[in-house]
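The primary structure of each chain is shown beneath.
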Amino acid sequence: MEKSRRRQRLAFSLLFGLWLPCCLAQTTPSNAATRTPTRTPSPSPSPTPSPSPSPQSQTARLKVRLSGYPRKHNEGRVELFHKGEWGTICDDDFSIHNANVLCRQLGFVSATGWTHSAKYGKGQGKIWLDNVQCSGAEKSVEFCKSRGWGSSDCTHDEDAGVVCRDERIPGYVDSNVIDAQVDEKKIEEVRLRPVVAMSRKKPPVTEGVVEVKYRDGWAQICDLGWTVKNTHVVCGMLGFPHERKVNKKFYKLYLERQQNFFRVHSVACSGSEVHLAACPLEFSRPNATATCQGGTAAVVSCMPGPLFVHSTGMKKKLKTSSNVRLKGGARVGEGRVEVLKGSEWGTVCDDRWNLQSAGVVCRELGFGSAKEALTGGRMGQGMGPIYMNEVKCIGHERSIWNCPFKNITSEDCQHVEDAAVRCNVPHMGLEDSIRLTGGRTRYEGRVEVLGSDSNGTQSWGLICGETWSTKEAIVVCRQLGLGYANQGVQETWYWDSSNVTEMIVSGVTCTGSEMSLSRCQQHKTVSCQKAAAKFAAGVICSDTTSDLVLNAPLVQQTVYIEDRPLHMLYCSAEEDCLSKSAAKADWPYGHRRLLRFSSQIHNIGRADFKPKAGRHSWVWHACHGHYHSMDIFTHYDLLNANGTRVAEGHKASFCLEDSDCEEGVSKRYECANFGDQGITVGCWDLYRHDIDCQWIDITDVKPGNYILQIVINPNQEVSESDFTNNAMKCNCKYDGHRIWLHNCHIGDAFSEEAERRFEKYPGQLNNHIP
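Fair warning: this is a prediction, and the values are worked out from it, not measured in the lab. (Residues numbered from 1 in each chain as written. Predicted model: local features only at pLDDT ≥ 70, side-chain atom pairs only at ≥ 80, totals over all residues. Heavy atoms only, no water.)

Colleague: I'd like to hear about the pattern of salt bridges, residue by residue, with values.
Modeller: Where charged atoms from two side chains of opposite charge come close, those side chains can pair. Counted by the stated rule, this structure contains 32 salt bridges. Between Lys327 and Asp748 there is a salt bridge; the shortest N-O distance is 2.6 Å. On the criterion of sequence distance, the pair formed by Lys327 in strand β14 (residues 324–327) and Asp748 in the loop between β39 (739–746) and α13 (752–759) is long-range, its members being 421 residues apart. Like Lys327, the residue Asp748 is buried in the burial classification. The partner of Glu338 in a salt bridge is Arg336, with the nearest N and O atoms 3.1 Å apart. Among the residues examined, Glu338 registers a relative accessible area of 6% and is labelled buried. The buried category is assigned to Arg336, whose relative accessible area is 3%. Through salt bridges with shared partners, a single network forms among Arg325, Lys327, Arg336, Glu338, Asp722 and Asp748. (Salt bridge = Lys/Arg side-chain N within 4 Å of Asp/Glu carboxyl O. Helix = DSSP H or I, 4+ residues; strand = E, 2+ residues; numbered from the N terminus. Buried < 20%, exposed > 50% of the residue type's maximum accessible area, 1.4 Å probe, protein only.)

Colleague: Summarise the nonpolar core; cite the residues concerned and give the values.
Modeller: Judged by nonpolar contacts, the single largest core of 36 residues is most densely connected at Leu595, Phe633 and Leu638. Going through the elements one at a time, β26 (548–550), α11 (552–558), β32 (634–639), β37 (704–712), β38 (727–734) and β39 are the ones with two or more residues in this core. Excluding anything up to four places from it in sequence, Leu595 contacts Val559, Tyr560, Leu638, Gln694, Trp695, Ile696, Ile698, Leu708 and Ile739. Listed in part, the 28 residues of the second largest apolar core include Ala358, Cys362, Ala370 and Tyr387. (Core = buried A, V, L, I, M, F, W, Y, C linked by side-chain atoms within 4.5 Å. Contact = heavy atoms within 4.5 Å.)

Colleague: Describe the packing of aromatic side chains, and please don't skip the residues or the numbers.
Modeller: The final tally for this structure, using the stated rule, is 13 aromatic pairs. Here Phe308 and Phe367 contribute two aromatic rings whose centre-to-centre distance is 6.2 Å and whose plane-to-plane angle is 70 degrees, an arrangement assigned as edge-to-face. Linking Phe308 in the loop between β13 (299–303) and α8 (312–317) with Phe367 in the loop between α9 (355–364) and β17 (370–374), this pair joins segments that are 59 residues apart in sequence. Seen in terms of ring centroids, Tyr570 and Trp587 are 5.1 Å apart; in terms of plane orientation they differ by 45 degrees. Their pairing is tilted. Of the two residues, Tyr570 is situated in helix α12 (residues 570–574) and Trp587 in the loop between α12 and β28 (591–596); the sequence distance between them amounts to 17 residues. (Phe/Tyr/Trp six-rings, centres within 6.5 Å; stacked < 30°, edge-to-face > 60°.)

Colleague: Go over the sheet that holds β26 with me, naming the residues and quoting the values.
Modeller: Strand order in the open sheet made by the four strands is β26-β29-β35-β34, with antiparallel pairing throughout. The strands lining the two open edges of the sheet, one partner per strand, are β26 and β34 (660–661). Relative to strand β35 (residues 683–687), β34 runs antiparallel, the two sharing two bridges. From the neighbouring strand, Asp660 faces β35, where its bridge partner is Trp684. (Pairing = 2+ DSSP bridges.)

Dropping the structure here:
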């Protein structure tokens, strides 16, 4: 009897345990259950509910973005994408814990603060979440306690915002920091379908029928009321700076014979939009009998920038701005914005920097409209003056110099606030003829190129690695859209996972500025001594890299001459820091005349500068008692008026370390005790004038006017975002007893005209430096 009762109690417990969660699930739905995937239109709606997504898929699905104005890339109004619509979060019960969770979702390491009462402007649409209470450990804000999706008693006057710490989570891919933020469900993708045979031959396609992606195909836009402003927007988003007239009669005859499906009935752009979806649109109604009565499909013709024109004659006619440039970007059409004022280049501060201003810069440089307006020195920091602040372009201006802006002082902005852009560029199809294989990630691997034999048959082949260097790797990474080149590799036996074994290209020599490897020099016929596949060329690409710049004023301030006795120069002679005539001197008697100065080398990039060789291959120099991590770190040259070297010096990297750093940046590299070597972002390595080899031996130099030239990382052994700023030049007067330096500047800091004046400088008549 007792056993029977136990069985009954056990059965009751099991039934209750199964029944209770079921009831609870029906009466108190969780946050996860309220999230339904976006539905696509179907002919007959099904009454069966869709299964709830798993937590893993939820985290992947939920999109978060920062919006509002004015703001920087790491702050803004929080917006969430739910049920196919962007919406905001109410500031009720908001805390720093909520901000931490949201900032991590956005790719930042943490939050430094949060804002209430719509500081970044009022949002639109839904207020998705209210009374959000996170513990701070959640992977997504959707796992925090709240009133549930869409349940709120707030208005947009209470929209919450966050301020994130400006440090990215390692490995997190950059988001569109200030992007177009258009509803891509409206218009997902736009293309030009070429009709004329000439337009199909070589990319880019510059003329054709405007088509928008719709479901699994493409649809047309009705041209009734179509204006040149609409064309301007379409050309801009496809990477073209200007539009041109199109032969409407020809296209009308062609399109009358085609069957068109019109997705968009009318478009009314103002001309300053960065995407067609940002324009007022009227979509065709499904039941309409004649969706484009009296009209036909819209056709546009665009004018490409000089970089994307095949005709040499056309390139000469197309001119771009000479007083605006982009620096430090890895891809074509991106970089830090620099403007020329007088004879010196300077940067633009990011206060109020937006897509309209960025778009003006892009178009005047021969690209399309702006894809992104970047802030916070995201393309590295400049070194010269900051000329502009609070630039307020409407979007129609021909140059950024025509836009209203404020002149600034050093108190207003620092170079950590340098503005940058990513422009829309035409699709050239360059990435289709090259690929990487065998790497651990898509950013590295053996380089394979698509070649054709005498019959026109295409096949993949390898590149001989004998002359392969960082310059060639830069071009490959750019062509594949993989950012900067971290390293060019001459042996790739450890990436041997492909069945491609034939060397089809050799002798590749690039300047580093080419858009594709096919534009570099190469052997007409393959000549490769090491033809085995393990000696094929490879690359390692990276989203970020370093950028070294010399402090030019410090060189000018610290220069002097020293007559140093030979008996104090044995170590220096051993390291080849003296001129050749020193070998014939009567050692240890006599002296050498040395031109001495200090070098302060800053890393203004976005990644630490580290020697190419690992510490296992560093060379110990017993004489000076330290390791050399790079054989040649800097070249020191004294040039005459013809550019001929009259005296030279070089310095191995005695020890790359952080001598000092900007406020808020900590030192990471120190040479003591066989420590790790490098230069941290925001830090500098100081080589004082009184250390060995920090000189040029001018014992044999006659009095006269010269140019002092210093080049950092001269062999480009280590990756940098910009090698053009690695050289520094000064005018130099030497009277046989004393020396004066003036006009010291980074290699690309002056205008071309000012640089020509510098090179032709006749010399000082006296020692009074103006």
